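Report on the structure
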Amino acid sequence: MDKAATTEKPEFNPTLASTAVGMLERFGVVVLGVLLLLVVPLSLDVFRLGLAAKYLCFAFPAVGIVLIWGYGGILSLGQGMFFGMGSYMMAMFLKLESAANPDSSSGTALSAFFGAAGLPDFMVWNSIEELPWFWEPFHHVWITIPAIIILPPLVAFILGYVNFRNRVGGVYFTIVTLAIAAIMAIVIIGQQGYTGGINGITDFKTFMGLDLDNDTAKYVMYFITVVLLLLAVLVGRFILKSLLGRVLVAIRDQEDRARFSGYDSAMFKAFVFAVGALFASVGGAMFTIQVGLASPSLVGIVPSIEMVIYAAVGGRLSLIGAVYGAFLVNGAKTFFSENFVEYWTYFIGALYVFVVMFLPLGLAGILDKLRDVGKRSG
Amino acid sequence: MFALQAFTGLSVFSILMLMALGLAIVFGLMGVINMAHGELMAMGAYATYGTSVLFEAYFPSLMSIYFIVGVVLAFFATSVFGYFLERSLIQFLYKRPLDTMLATWGVGLILQQLYRQFINPRPVEVPTASWLQGVWQVSEDVSFPMSRIFIVGLAFLTATLVYLFLYRTRRGLLIRAVTQNRGMSGAIGINQKRVDAYTFALGCGLAGIAGSSFTMLASTAPDTGQAYIVDTFIVVVFGGVESLLGTIMSAFFIGQMQTWFEFYLSGSMARAGILLLVIAVLYFRPNGLFATKVRR
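Since we're looking at a predicted model, the values are computed, not measured. (Residues numbered from 1 in each chain as written. Chains lettered and ligands numbered in written order. Predicted model: local features only at pLDDT ≥ 70, side-chain atom pairs only at ≥ 80, totals over all residues. Heavy atoms only, no water.)

**As for the overall build of chain B**
Here is the rule we go by: Segments assigned H or I by DSSP are reported as helices when at least four residues long, segments assigned E as strands when at least two residues long, and all are numbered from the N terminus. When we talk radius of gyration, it's over C-alpha atoms, and the globule rule is simply 2.2 Å times the number of residues to the 0.38. Surface exposure here means Shrake-Rupley accessible area, sampled with a 1.4 Å probe, where a residue is shielded only by the protein chains that are shown. In summary, the charge assignment counts Lys and Arg as positive and Asp and Glu as negative, without counting His or the chain termini. Taken as the charge centre is NZ of Lys, CZ of Arg, CG of Asp or CD of Glu, depending on the residue.
Counting its regular elements, chain B contains eleven helices and two strands. In chain B, the succession of helices and strands from N to C terminus is α-α-α-α-β-β-α-α-α-α-α-α-α. For chain B, the C-alpha radius of gyration of 19 Å lies close to 19 Å, the compact-globule estimate for 296 residues. Projected onto the principal axes, the alpha-carbon positions of chain B cover approximately 60 × 45 × 35 Å. Just so you have it, chain B exposes about 13000 Å², and 65% of that area is on carbon and sulfur atoms. Separation between the mean location of the 18 positive side-chain charges and that of the 12 negative ones in chain B comes to 17 Å.

**Comments concerning the packing of aromatic side chains**
Residues and elements named next belong to chain A. Rule in force here: Stacked, edge-to-face and tilted are the three classes for Phe, Tyr and Trp ring pairs, Trp counted by its six-membered ring, which pair at centre distances within 6.5 Å; planes under 30 degrees apart are stacked, over 60 edge-to-face, the rest tilted. For the exposure calls, accessible area comes from a 1.4 Å probe over protein chains only, and a residue counts as buried if that area is under 20% of its type's maximum, exposed if over 50%, partly exposed in between.
Tallying each qualifying case throughout the model produces 36 aromatic pairs over all chains. Geometrically, the ring pair formed by phenylalanine 82 and phenylalanine 273 is edge-to-face, given 5.7 Å between the ring centres and 80° between the ring planes. Residue phenylalanine 82 is found in helix 4 (residues 79-100), and its partner phenylalanine 273 is found in helix 13 (residues 265-291); the two are separated by 191 residues along the sequence. Judged on exposure class, the residue phenylalanine 82 and its partner phenylalanine 273 are both buried. The structure contains a cluster of three or more aromatic residues connected by ring pairs, namely Phe335, Phe336, Phe340, Tyr343, Trp344, Tyr346 and Phe347.

**Structural notes on a nonpolar patch on the surface**
Residues and elements named next belong to chain A. What counts, and what does not: Surface patches are drawn from residues lacking salt bridges whose relative accessible area is over 30%; two like charges belong together within 9 Å, two nonpolar side chains (Val, Leu, Ile, Met, Phe, Trp, Tyr) within 5 Å. Basic side-chain nitrogens of Lys or Arg form a salt bridge, by our definition, when they fall within 4 Å of a carboxyl oxygen of Asp or Glu.
Together, Phe27, Val30, Val34, Leu35, Leu37, Leu38, Val39, Leu42 and Val227 make up a nonpolar patch on the protein surface, roughly 770 Å² of accessible area in all. Top element by residues in the nonpolar patch is helix 2 (residues 28-43). It accounts for seven residues. By the element assignment, leucine 37 lies in helix 2.

**Let's talk about helix 2 of chain A**
This is how it is decided: The reported bend at a residue is simply the angle between two axes, fitted to the 7 residues ending at it and to the 7 residues beginning with it.
For helix 2 of chain A, the principal kink sits at leucine 35 of chain A and spans about 35°. Burial in helix 2 of chain A covers these residues: Gly28, Val29, Leu32, Gly33, Leu36, Val40 and Pro41 of chain A.

**Quick look at the environment of phenylalanine 252 of chain B**
All names here are of chain B. The following threshold applies: Any two residues having at least one pair of non-hydrogen atoms within 4.5 Å are treated as being in contact.
Within the secondary structure layout, phenylalanine 252 lies in helix 10 (residues 244-264). In this structure, the C-alpha to C-alpha distance between phenylalanine 252 and glycine 239, residues 13 residues apart in sequence, is 10.0 Å. When neighbours within four sequence positions are excluded, phenylalanine 252 is seen to be in contact with Leu10 and Phe13.

**Describing the environment of leucine 275 of chain B**
Following the sequence through the fold, leucine 275 of chain B ends up in helix 11 (residues 267-284). For the pair leucine 275 of chain B and valine 230 of chain B, spaced 45 residues apart in sequence, the C-alpha to C-alpha distance is 9.0 Å. Beyond its immediate stretch of four places on either side in the chain, leucine 275 of chain B contacts Ala179, Ala182, Ile183 and Ile186 of chain A together with Val230 and Ile234 of chain B.

**Details of the packing of helix 14 (residues 301-314) of chain A against helix 16 (residues 344-358) of chain A**
Residues and elements named next belong to chain A. Condition: Each axis is a line fitted through C-alpha atoms, taken for helices only over the stretch in contact, and angles between the N-to-C directions span 0 to 180 degrees. If an angle is under 35 degrees, it is roughly parallel; if it is over 145, roughly antiparallel; if it lies from 65 to 115, roughly perpendicular; otherwise it is oblique. Should the near helix be turned anticlockwise from the far one by less than a right angle, the crossing is termed left-handed; should it be turned clockwise, right-handed. When residue character is reported, Ala, Val, Leu, Ile, Met, Phe, Trp, Tyr, Cys and Pro are called nonpolar, Asp, Glu, Lys and Arg charged, and the others, Gly included, polar.
Across the interface, helix 14 lies against helix 16 with an axial gap of 10 Å and an inter-helix angle of 55°. For the element pair helix 14 / helix 16, the angle class is oblique. The element helix 14 and its partner helix 16 pack so that their crossing is left-handed. Contacts between helix 14 and helix 16 pair Ile305, Glu306, Ile309, Ala312 and Val313 from the former with Trp344, Ile348, Leu351, Tyr352 and Val355 from the latter. Here the contact of helix 14 with helix 16 is composed, by residue class, of nine nonpolar, no polar and one charged.

**A look at the pattern of salt bridges**
Opposite charge on two side chains allows them to pair when their charged atoms are near. Counting across every chain of the model gives twelve salt bridges over all chains. Close ionic contact of arginine 48 of chain A with glutamate 338 of chain A constitutes a salt bridge, the shortest N to O distance being 3.4 Å. Of the two residues, arginine 48 of chain A is situated in helix 3 (residues 46-71) and glutamate 338 of chain A in helix 15 (residues 319-339); the sequence distance between them amounts to 290 residues. With relative accessibility at 33%, the residue arginine 48 of chain A sits in the partly exposed group. A salt bridge links aspartate 196 of chain B to arginine 182 of chain B; the shortest N-O distance between them is 3.0 Å.

**Re the environment of leucine 230 of chain A**
Residue and element names in this part refer to chain A. Inspection of the secondary structure assignment puts leucine 230 in helix 10 (residues 215-241). Between the C-alpha atom of leucine 230 and that of cysteine 57, which follows or precedes it by 173 residues, the distance is 12 Å. Setting aside chain neighbours within four positions, we find leucine 230 in contact with Val29, Leu32, Gly33 and Leu37.

**Examining the side chain of serine 318 of chain A**
Residue and element names in this part refer to chain A. Mapped onto the fold, serine 318 is located in the loop between helix 14 and helix 15. You can call serine 318 buried: its relative accessible area is 16%. Once residues lying within four places of it in the same chain are set aside, the contact partners of serine 318 are Val66 and Ala364.

Right under this line is the structure:
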C-alpha cells in the first residue's frame, strides 16, 4: 500500500537542514520530552497549560492509530469508543467520590433531601433510587485504574480477533468499528439515568482527595499525562522494533504470504488493535481528570474519525508525529473556535482531503523528503 | 396493527434501499466507500426543497407536481456533483480505499457546513402536495398515508430502472463487466475511467433520490445525512457487496426490524440493537448475508 517502514536511519548528512532532520529523528523522543516537560510548562500560563494537557490526551489515541493504521493497515474509525470507555470509567469513579463527599456541592444536598445519599446527582434527577450494579466497582480507585487498563484492550482484542479470524478486514472492519462507536454513543445518550445522557458526567472536584481545581494539581496532572504519553510512544517504538512489529508490517503489506509463512495474522492484528485501545483508554481517563468531563460527544463517529486525522497530519508512520498532529489540529480547533467558529468545519474537512491527496505520510513525510533532498545535494 | 407496522417498515426500507443501492453499486464496482453519501442525500433533499420554493414563487398553479420535478432535479444535481467529485478526487485514490473514506468524510464535512451557511442552519420542510396528504383507508382501523405509499412506489420504480439499466443496456453491461473483472475488461478495450465516473455519478444520483423521498417523511437539516450514514453502511455490509439483490433484501430486513424493535424498545435502543445484531450476523457470514460464493 504505502512505503514500508524505514527504521534504520542514514549515516552522516552534510547539509545543515538534513542534519537537523536527522537529529530530530534520532532524538525525537528526547526532543519531544524536553518540549513537553520543560518548554511548554515554562512558557504557558495555567489556563493554556490546561489546553495543552487536553490536546495531549487526544495524542494518546493518535499514537495508537499510528500503530493500528500505519503499521497494522487496519483503519479504525471507532477509537472514540475506547477513549470513551476510559473516560467514562474514570468519570464514574470521580462522580462517586464527589457524591460521597459531604463537602462537595455535587448534588449531595439534593440526594440527601431525596434520601439517596451517595448517589450521583443526575441519577437523582432521573429518579433512579439505587446505584446500578455496574457502577458499584467504581467506588474503589484500585478497581477503576486496572479496569481502565484492562477492559478496553480486552474488548478490542475480542472484537478484533473474532473479526480478523473471519477475514473481516479492510473496509469491512472499518465499518464495524464505525458502527460500534455509533452504538456506544447511542446507548450513552439513550440511557440518561445510568450514563448522564447527552450532558455526560461532569462536576467533580477531587481525585482521591486531591483538589483538582488548584494549580498544583493541574501541574501534577499535566506531568503525569506527559510521562504516560512518552511511555506510550516508547512502548509503541519497542513494539515496532521487535519481531512483532516486523511481522505486523509484513501482514499489512502481504497478508496472505504472512499467513502462509505460518503466522496467525488475526492474532497479530488483534494484539495491535488492543494496544491502540489501551492508549485511547488511558488518554480518555486523563482527559476526564483534567477537563472534568466525560461526554458522548467524544465517543461517536465524528470524534472517532477526527482522531484519525491527528495521526494522518503527523504522519501515519510516525509515533511522535501523531503527538504533534494531535497538538496542531487541536490547537487549530481552539484558534478557530476563538476567532471564527464557522470556518472550523471547512478547515478540518479540507484537511482530510488535503492530507490524503498531497501528504499521505503527513508532516513526518515532509521531514523524510527534506532529508532525501539533503542527501542528494550532499 | 400488524399491517400498519409492516407498512411503516416498508417505507423505512424504501429510503434505506435507495441510499444503500447507490453505495453498493459504487462499492461493488470500485471498492470505494463514499462517506459523503449522507451529505449527497441531504443535497437531494435540499434540491427538492429548492424546487418547492421556486414553484411556490413562480408556478403556484403547478404546486401539485413540484415533487416529481424535485426528484428528477435531485437526481441530476447529485449525479453531476458525483461526477465531478470522482474526476477531481476519487479517481486518484482507487488503490487506497481506506484513504478514500477519510477524504470523502472531509468532503462531507465541507458540504455540511455549506448547507449550514448558505441554505439554513435549522431544519427545513417541504410542503406536501395535496394528493399526497390523504390516507388510503383499507379497513376500519387500517389506513396507509398516501405519502408513504408514494415513497414505496418511487423506491420500487427506481430499483426497477436501476435493474433495467444494469442488465438491459450496453452501459450497464460495461459496468457489470468492470465489476466482475477489472483487468480483463480493460484488456478488451473498455474505457474503465469513463465507466467508473458515470457509475459513481449514478450512485450519487440514487442518494439524491433517497434524499428527495426523505423530505416526505421528515425535515432536512445540515447533519441529516450523517445520522443515516452508519445505517446505510450496515445495510450494504449486511447484504453483501456485489449483490444488489442482497442489498435490497438487507434493506428490507433492517427496515422491518427497525420498526418492530421501535415498537417494543425506545428508538435509540432499537437502533443500537439492530446494529449489534448485524455485527453478530457478520460473525457468522463475514461476506454478508447474501454474498455469492467466490474464491479469492
